[in-house]
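Listed below, chain by chain, are the residues.
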Amino acid sequence: MVKRFMHTATVTLRLPFDIAPDEEMAALRSAGIPVDALGNAESGYLFVRLDSKRCNIFRWFAGVLDPKAPKA
């Protein structure tokens, strides 16, 4: 049996889908997510998905995810 690895996000943030880009950047930065002028994470890993309530969910992982970890 393969051991499954769970990664807990350092920061999880839900923002409206139609938020203005400059407001989105400000919200990400105030939540502690280091993003550059284009919205890319300057460190760690930023995962974004659209949920069923038409909101973007941003999950930022401060550490690097181990690419050698076994796949489940």
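Residues numbered from 1 in each chain as written. Predicted model: local features only at pLDDT ≥ 70, side-chain atom pairs only at ≥ 80, totals over all residues. Heavy atoms only, no water.

Participant: I'm lost on the sheet that holds strand β3 (residues 55-61) in this one. Help?
Facilitator: Strands in a sheet are paired, the pairing made by backbone hydrogen bonds, and the direction either parallel or antiparallel. Spatial ordering of the open sheet is given by β1-β3-β2, a layout of 3 strands whose pairing is antiparallel. A single partner strand is all that each edge strand has here, and the edge strands are β1 (11-16) and β2 (45-50). Between one strand and the next, the sheet's axes are offset by a mean angle of 20 degrees, whatever the strand orientation. As judged from the 6 bridges shared by β1 and β3, these two strands associate in the antiparallel manner. Of the residues in β3, the one forming a bridge with Val11 is Trp60. Along the sheet, helix α1 (residues 21-30) contacts β1 and β3; its crossing angle with β1, the most-contacted strand, is approximately 160 degrees. (Pairing = 2+ DSSP bridges. Helix = DSSP H or I, 4+ residues; strand = E, 2+ residues; numbered from the N terminus. Axes fitted to C-alpha atoms, helices over the stretch in contact; angles between N-to-C directions. Contact = heavy atoms within 4.5 Å.)

Participant: Explain the packing of aromatic side chains to me, please; I cannot follow it from the model alone.
Facilitator: Aromatic ring pairs are defined here through the distance separating the ring centres and the angle between the ring planes. A complete count under the given rule lists 1 aromatic pair for this structure. Summarising the aromatic geometry, the rings of Tyr45 and Phe61 are spaced 6.2 Å apart at their centres and angled 35 degrees between planes, so their arrangement reads as tilted. With Tyr45 in strand β2 and Phe61 in strand β3, this pair connects stretches of sequence that are 16 residues apart. Given a relative accessible area of 10%, Phe61 falls into the buried group. (Phe/Tyr/Trp six-rings, centres within 6.5 Å; stacked < 30°, edge-to-face > 60°. Buried < 20%, exposed > 50% of the residue type's maximum accessible area, 1.4 Å probe, protein only.)

Participant: Which parts of the structure should I look at to understand the side chain of Asn56?
Facilitator: Residue position: Asn56 is located in strand β3. Residue classification places Asn56 among the buried positions, given a relative accessible area of 12%. Excluding residues that lie within four positions of it along the chain, Asn56 makes contacts with Leu13, Arg14, Leu15, Phe17, Glu24, Val48, Arg49 and Leu50.

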